[in-house]
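Examination of the molecular architecture
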Amino acid sequence: MNGWILAATVLLAGGAGTALWGVATGPLSRRVVAQNLSTSVVCASLLLLAQGYDRTAYVDLGLLLAVLGPVGTLVFARLLAEDLTDDRAAAWGLTWTTVGVDAAVVVALCVAAGPGRAMVKLLVVGALLIGGNLVASRALSGGFQGVRGG
Amino acid sequence: MADAVIVVALLLTAGAATAAVAVRDPARQALVLSLLGLFLGVVFTVLQAPDVGLSQLAVGSALTPLLIMLSVRKVRRRGKEGGK
């Protein structure tokens, strides 16, 4: 067991455990926020696991999750829009915290990978993850008022 | 010690599955279910089956919640129309 896998374990136990607790209890607005943040945490730990197992192919899992995770959150934001109108799901402090964690993980992995194709891929995954997370958070907090109904 | 990550992933999966059963509202169940999909993907990855994990993540994170939420909305609408 090396440091990367240890970091992934800690991130999973702490971050994903908190997300599970948040999604299982409390009002609906808290649950959708927890669902959104679980994507960031799990994607970051998948990237750490790829580095820990020393298999660059595992980065594809993180890439897929960085693309599809925010899509899943947008599905909830769209279809639960009526339930969320009187109870805005805004948690920007938590969002920026997870964005910071994601950025730190991606930077650490880039330093470990060194310049090259792998680093470009990691940067693309990180940009997709952080961008998607911010868009999904904005959608949950009612940022896109023009897109309604349906 | 090397199995710690497997234990954590399995515990998270068991917790998410239990929560998905314990929560009663279908819309909230869909939220827990998307987390369960993510955790199952992690379990497959730490058990060195990333191909299975890849398809599990694709299906579990976006497709299953979408299908459930669409069905819930349709049922709710039909219920409202029947109420009138």
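See above for the structure.
Now for a look at the structure at hand.

Quick notes on the rules
- Residues numbered from 1 in each chain as written.
- Chains lettered and ligands numbered in written order.
- Predicted model: local features only at pLDDT ≥ 70, side-chain atom pairs only at ≥ 80, totals over all residues.
- Axes fitted to C-alpha atoms, helices over the stretch in contact; angles between N-to-C directions.
- Helix = DSSP H or I, 4+ residues; strand = E, 2+ residues; numbered from the N terminus.
- Parallel < 35°, antiparallel > 145°, perpendicular 65-115°, else oblique.
- Contact = placed C-beta atoms within 7 Å.
- Nonpolar A, V, L, I, M, F, W, Y, C, P; charged D, E, K, R; others polar.
- Expected span 1.5 Å × (residues − 1).
- Bend = angle between axes of the 7 residues up to and from the residue.

**Section: the packing of helix 1 (residues 3–24) of chain A against helix 1 (residues 4–22) of chain B**
- Following both chains from N to C, one finds helix 1 of chain A and helix 1 of chain B inclined at 10 degrees, their axes separated by 9 Å at the closest point. By the angle between their axes, helix 1 of chain A is roughly parallel relative to helix 1 of chain B. Between helix 1 of chain A and helix 1 of chain B, the contacting residues are Ile5, Ala8, Thr9, Leu12, Ala13, Ala16, Gly17, Leu20 and Ala24 of chain A on the first element and Ala4, Val5, Val8, Ala9, Leu12, Gly15, Ala16 and Ala19 of chain B on the second.
- Among the residues forming the contact of helix 1 of chain A with helix 1 of chain B, the class breakdown is 14 nonpolar, three polar and no charged.

**Points about helix 1 of chain A**
Residue and element names in this part refer to chain A.
- A rise of 1.5 Å per residue sets the reference length of helix 1, with its 22 residues, at 32 Å; its end C-alpha atoms lie 31 Å apart and thus fit the reference within 8%.
- At Leu12, helix 1 is bent by approximately 25 degrees, the largest bend along its length.
- Once helix 1 finishes, Gly26 follows within two positions and takes phi at roughly 90 degrees, a positive value.

**So, the interface of chain A and chain B**
- Opposite the 34 residues of chain A that make contact, chain B presents 34 residues.
- Elements that contribute at least two residues to the side of chain A that touches chain B include exactly helix 1, helix 2 (28–52) and helix 3 (59–79) of chain A.
- Tallied by class, residues from the side of chain A that touches chain B come to 26 nonpolar, six polar and two charged.

**A word on unusual backbone geometry**
- The backbone phi angle of Asp54 of chain A is positive, close to 60 degrees, even though this residue is not glycine.
- Locating Asp54 of chain A in the fold gives a position in the loop between helix 2 and helix 3.
- Positive phi, close to 65 degrees, is recorded for Gln48 of chain B, a residue that is not glycine.
- Mapped onto the fold, Gln48 of chain B is located in the loop between helix 2 (26–46) and helix 3 (50–83).

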